[in-house]
Amino acid sequence: IDLDCVLVGYDTTTASPTGSSITGLVLTTTDGGDHWNSGHLPADFGFAYLQADVICTDASDCMAIGDTIVTNPDPCVGTPPSAPPGFDGCVSGSTTMASAVVTTTDGGATWQMRPLPSDVPLPVISGVSCASATTCWLPGTEAVPVTIGNVNDGGSALMLETTDGGSTWKRVTFTVAAGAPNPYGQSYMNIGA
């Protein structure tokens, strides 16, 4: 029986309803949940509702995806005030949230931010999968407009791979097979968990 466990999430009493700040919490146990300890996340990292994922390859090594606040590279100009966030591929304001990655090598007690590639604008990571403590993949989308058929979208599919525990990342490329189903004209614009 494995008695080690790492839980990640956020505290609804301190989370910002406007998304202008982020919070996160980590709880760890080594005795099957009889006792829990708090882990320490980087100050500029947190988790949002349904935007948290953690995977541990052993009792010490884990990787988690969450959010960080970044400079907005493409603020909306002239977007109607009633438009939802992300309208037409842009977000109002000088800052916005993007996905971020943290790792731990001490069972969740302390976490380090792992930078994603600078040429991946506003990533939205939808999951994390690891074969080992050093080899992991992140699926999701990035703010790179794409046209598939006659449909335009503000985001495109993204897959990142690390072979050094998140210190560096490289893109995994793929080609959509000819004749693959595309019922709504928006398939292959995101890779889910």
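Residues numbered from 1 in each chain as written. Predicted model: local features only at pLDDT ≥ 70, side-chain atom pairs only at ≥ 80, totals over all residues. Heavy atoms only, no water.

S.K.: How do you make sense of the overall build of the protein when you look at a structure like this?
M.R.: When you go through the protein residue by residue, the secondary structure sums to 0 helices and 14 strands. The proportion of buried residues among the 193 residues of the protein is 35%. Intrachain contacts of the protein at a sequence separation of at least 6 include 51% that bridge at least 24 residues. (Helix = DSSP H or I, 4+ residues; strand = E, 2+ residues; numbered from the N terminus. Buried < 20%, exposed > 50% of the residue type's maximum accessible area, 1.4 Å probe, protein only. Contact = heavy atoms within 4.5 Å.)

S.K.: Looking at this model, I keep getting lost on the sheet that holds strand S3 (residues 37-38). Mind explaining?
M.R.: Note on sheets: strands pair through backbone hydrogen bonds, and any given pair is parallel or antiparallel. Ordered by their spatial adjacency, 3 strands build an open sheet running S1-S2-S3, and the pairing between neighbours is antiparallel. If you trace the sheet from one side to the other, it starts and ends with strand S1 (5-9) and S3, each paired once. Where S1 lies against strand S2 (residues 25-29), 5 bridges are found, and the strand directions are antiparallel. Bridge assignment links Leu7 to a residue of S2, and that residue is Leu27. (Pairing = 2+ DSSP bridges.)

S.K.: Any chance you could explain the sheet that holds strand S4 (residues 53-56) here in plain terms?
M.R.: Within the open sheet, the 4 strands sit side by side as S4-S5-S6-S7. Their pairing is antiparallel. Looking at which strands have only one partner, the edges of the open sheet turn out to be S4 and strand S7 (112-114). Along the sheet, successive strands turn relative to each other by an average axial angle of 40°, direction set aside. (Axes fitted to C-alpha atoms, helices over the stretch in contact; angles between N-to-C directions.)

S.K.: I'm lost on the pairing of strand S10 (residues 136-142) in this one. Help?
M.R.: Working note: regular strand, side chains alternate between the two faces of the sheet. In terms of residue burial, S10 counts as a mostly covered element, since 6 of its 7 residues are buried. Sheet topology places strand S8 (residues 124-125) next to S10; 2 bridges connect them, and they run antiparallel. The residue bridging Ile125 from the neighbouring strand is Gly140, located in S10. The antiparallel hairpin formed by strand S9 (residues 129-130) and S10 contains 5 residues in its connecting segment.

S.K.: Would you take a moment to explain the state of the cysteines for this structure?
M.R.: Cysteine pairs can be linked by a disulfide, which is a covalent bond between their two sulfur atoms. What the rule picks out here adds up to 2 disulfides. Covalent S-S linkage joins Cys56 and Cys62, the inter-sulfur distance amounting to 2.0 Å. Taking the torsion about the S-S bond as the criterion, the Cys56 to Cys62 disulfide, at about 100°, is right-handed. In this model Cys130 forms its disulfide with Cys136; the gap between the sulfur atoms is 2.0 Å. Because the sign of the S-S torsion sets the handedness, a value of about 105° for the bond joining Cys130 and Cys136 places this disulfide among the right-handed ones. With no disulfide of its own, Cys5 lies closest to Cys56 among cysteine sulfurs, the gap being 7.7 Å. (Disulfide = S-S within 2.5 Å.)

S.K.: What should I look at first to understand the confidence of the model for the protein in this one?
M.R.: Any residue range with low pLDDT should be treated as having predicted coordinates unsuitable for detailed reading. Confidence along the protein averages 82 in pLDDT terms, with 79% of residues attaining 70 or more. Per-element averaging of pLDDT across the protein places strand S12 (residues 151-153) at the bottom with 71 and S7 at the top with 95. (pLDDT = per-residue confidence, 0-100.)

S.K.: What exactly am I supposed to notice about the pairing of S2 here?
M.R.: Looking at chain direction, S2 and S3 are connected through 2 bridges and run antiparallel. Looking at the pairing, Leu27 lines up with Ser38 of S3.

S.K.: What should I look at first to understand the packing of aromatic side chains in this one?
M.R.: What characterises a pair of aromatic rings is the spacing of the ring centres plus the angle enclosed by the ring planes. Following the criterion strictly, the structure yields 1 aromatic pair and no others. A centroid spacing of 5.1 Å and a plane angle of 85° characterise the contact between Phe45 and Phe47, whose relative ring orientation is edge-to-face. For Phe45, a relative accessible area of 2% corresponds to the buried category. According to the relative accessible area criterion, Phe47 is buried, its value standing at 3%. (Phe/Tyr/Trp six-rings, centres within 6.5 Å; stacked < 30°, edge-to-face > 60°.)

S.K.: Can you walk me through the environment of Pro121 in this structure?
M.R.: Secondary-structure assignment places Pro121 in the loop between S7 and S8. With relative accessibility at 25%, the residue Pro121 sits in the partly exposed group. Considered as a pair, Pro121 and Thr141 are 20 residues apart in the sequence and their alpha carbons are 9.3 Å apart.

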